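Results of the structural survey
Take a look at the letters that make up each chain.
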Amino acid sequence: MINPSLMGEFLAEFDGIIDVRTPLEYAHSHIPNAINLPVLNNQERTQIGTIYKQESPLKAKILGASMACKNIAHILASLPDDKPLQALLHHKNKLLVYCARGGKRSEALQNVLCQIGLRIQKLPNGYKGYRNEVLKYLNTPLKQHFITLCGPTGCGKSEIIQDQSSWSIDLEGLARHYGSSFGNVASYKQGQPTQKMFENTLFADLSQKAHLPILLIEAESRKIGALTIPRNLFNAYQSHTIILIQAPLESRIQRIVKMYQNITETSFALGMQTIKPYISHHIFYEIQSLWKQKALDKIAMILIEKYYDKVYRIPNYTHTLTHTNLPTTIPTLLAIKNHLSQTL
């Protein structure tokens, strides 16, 4: 088995990763950037599993081999008209293939692609083995020191994180959620990933930046929408260098309006129901009235003053930074980072 601390380096050796599991398995969670080339479809896998348990393992294996041959033939037949697939299955590429446990499905495609001259390796123990390594990594204390940004809603933490992507972990981006009562707006087209997929992408990001001594992150609560942040990571960024980001009210309003300008009626209603217990009836109905007028700037101001700033708990911080714009904020942040790197 591959050492979890080296899994990221191992995966980076390949030009392409192929997931041969069913579309349903792949949609639930997969190795980030893997391409799905199913050797069996959803119905076929279910059918074979039923025959294996209720009739005969041999009959199931024979039927499975027949279906796999048919589907692999279809994959190869589609090559002439599929440029992305042509680019993936290029003879110069080094490929990795996996199925659920590193068994028959991945071996079937590996054998055929090897016969036509492709360089392809099977992932030991398949996706299950990969997930074990992800969990081992996330359950091991992280070695990096975290600079954690805290601050009230709309102060610009997210834009700082995104601007410094080379050394930051964008939890909201990975979770596809803004981390607020209305945060599901970030995922209204795709929805949030599953917990497993969130962990996979988090692992990929952390392992790619494992060589960095300092990482930048936002002080998210343990839950982002429906997803849970791994405890070791949560504890780490809550206890290292914490910077309070401050910003003028007007700029906070502008950021919130920009973030939520496309919010749907349904998402707005759900968010309002979430915060209803924490605001007065008068404010609740005032916001509802402003929504009908599409007065988002006024709604943002009321939510900041009457809800967000009252419920947000500022942790114990080590530095403060007033954020007006990135060109002035980033040099100050980098100065803190450079000073910190000299003391670690």
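Our structure's up above, just so we're on the same page.
My aim in this report is to walk through the structure given alongside it, one point at a time. (Residues numbered from 1 in each chain as written. Predicted model: local features only at pLDDT ≥ 70, side-chain atom pairs only at ≥ 80, totals over all residues. Heavy atoms only, no water.)

1. Some details on unusual backbone geometry
Spelled out, the test is: Each helix is a run of H or I in the DSSP string that is no shorter than four residues. Each strand is a run of E no shorter than two, and both are numbered from the N terminus. When accessible area is computed with a 1.4 Å probe and restricted to protein chains, residues below 20% of their type maximum are described as buried, those above 50% as exposed, and intermediate ones as partly exposed.
The backbone of N33 shows a phi angle near 75°, a positive value even though the residue is not glycine. Relative to the helices and strands, N33 resides in the loop between helix 2 (23–28) and strand 2 (35–36). Residue classification places N33 among the exposed positions, given a relative accessible area of 69%. In the Ramachandran plot, R176 falls in the positive-phi region, its phi being about 50° despite a non-glycine side chain. Take R176: it is sitting in the loop between helix 9 (171–175) and helix 10 (195–208). Here R176 falls in the partly exposed class, since its relative accessible area comes to 24%.

2. A word on the pattern of salt bridges
Spelled out, the test is: The working definition used for a salt bridge is a side-chain nitrogen of Lys or Arg within 4 Å of a carboxyl oxygen of Asp or Glu.
Considering all chains together, one arrives at 13 salt bridges under this definition. A salt bridge links E13 to K94, with the nearest nitrogen and oxygen atoms 3.5 Å apart. With E13 in the loop between helix 1 (4–12) and strand 1 (16–19) and K94 in strand 3 (residues 94–98), this pair connects stretches of sequence that are 81 residues apart. For E13, a relative accessible area of 44% gives the class partly exposed. Of the charged contacts, one joins E25 and R45 as a salt bridge, the two residues approaching to 3.5 Å between their closest N and O atoms. Taken together, the residues span a long stretch of sequence, with E25 in helix 2 and R45 in helix 3 (residues 42–54) at a distance of 20 residues. Owing to a relative accessible area of 14%, E25 belongs among the buried residues under this scheme. A residue is classified by how much of its surface remains accessible, and R45, at 38% relative accessible area, is partly exposed. It is possible to trace a salt-bridge network through shared partners that takes in E25, R45 and R105.

3. Overview of the sheet that holds strand 2
Test applied: Two strands pair under a simple rule: DSSP has to find at least two bridges between them. For this analysis, residues touch if any pair of their heavy atoms sits within 4.5 Å. Here, axes are lines fitted to C-alpha atoms. For helices the fit covers the stretch in contact, and angles between N-to-C directions go from 0 to 180 degrees.
Reading across from one edge, 2-1-3-4 is the order of the four strands in this open sheet, with parallel pairing throughout. Both edges of this open sheet fall to strand 2 and strand 4 (119–122), since each of them pairs with a single strand only. Helix 6 (residues 104–115) rests against strand 1, strand 3 and strand 4 of the sheet, and its axis sits at about 160° to strand 4.

4. Points about the sheet that holds strand 11 (residues 319–322)
Spatial ordering of the open sheet is given by 6-7-5-10-11, a layout of five strands whose pairing is parallel. The open sheet has two edge strands, strand 6 (168–169) and strand 11, and neither has a second partner. Pairing of strand 5 (residues 145–150) with strand 10 (residues 241–246) involves four bridges; the strand directions are parallel. In the sheet register, I147 faces strand 10, and the bridge partner there is T241.

5. Examining the packing of aromatic side chains
For the record, the criterion: Note on aromatic pairs: the rings of Phe, Tyr and Trp (six-membered ring only in Trp) are paired at centre separations within 6.5 Å, and the planes decide the class, stacked below 30 degrees, edge-to-face beyond 60, tilted for the rest. In this analysis the charged atom, NZ for Lys or CZ for Arg, is taken to sit over a ring once it is within 6 Å of the ring centre and within 35 degrees of the ring normal.
Applying the stated criterion to the full structure yields 13 aromatic pairs. Between the aromatic rings of F284 and Y285, the centroid separation amounts to 5.2 Å while the plane-to-plane angle is 90°, which identifies the pairing as edge-to-face. According to the relative accessible area criterion, F284 is buried, its value standing at 3%. Ring pairs connect the aromatic residues Y98, Y127, Y130, Y137 and F203, which therefore count as one cluster. It is R21 that lies over the ring of Y127; its NZ or CZ is 4.2 Å from the centre. K294 extends its terminal NZ or CZ atom over the ring of W291, reaching a point 3.6 Å from the ring centre.

6. Structural notes on the packing of helix 7 (residues 126–138) against helix 10
To keep it simple, the criterion reads: Angle categories: roughly parallel below 35 degrees, roughly antiparallel above 145, roughly perpendicular from 65 to 115, and oblique for all the rest. Left-handed describes a crossing whose near helix is turned anticlockwise from the far helix through less than a right angle; right-handed describes the clockwise counterpart. Residue type decides the class: Asp, Glu, Lys and Arg count as charged, Ala, Val, Leu, Ile, Met, Phe, Trp, Tyr, Cys and Pro as nonpolar, and the leftover types, Gly among them, as polar.
Where helix 7 meets helix 10, the closest approach of the two axes is 10 Å, and the angle between their N-to-C directions is 65°. One finds that helix 7 runs roughly perpendicular with respect to helix 10. Where helix 7 crosses over helix 10, the handedness of that crossing is left-handed. Between helix 7, through Y127, Y130, R131, V134, L135, Y137 and L138, and helix 10, the contact on the second element is made entirely by K196, E199, N200, L202, F203, L206 and S207. Considered class by class, the residues forming the contact of helix 7 with helix 10 number nine nonpolar, two polar and three charged.

7. With respect to the nonpolar core
Note the cut-off: Buried Ala, Val, Leu, Ile, Met, Phe, Trp, Tyr and Cys residues that are joined via side-chain atoms within 4.5 Å together make up what is termed a nonpolar core.
Grouped together as the largest cluster of nonpolar side chains are 52 residues, with contacts concentrated most on I31, Y130, L171, L202, L233 and L333. Setting aside residues no more than four positions away along its own chain, Y130 makes contact with M7, L11, I31, P32, L123, N200 and F203. Counting 23 residues, the second-largest nonpolar core is a separate cluster that includes L37, V39, L89 and V97.

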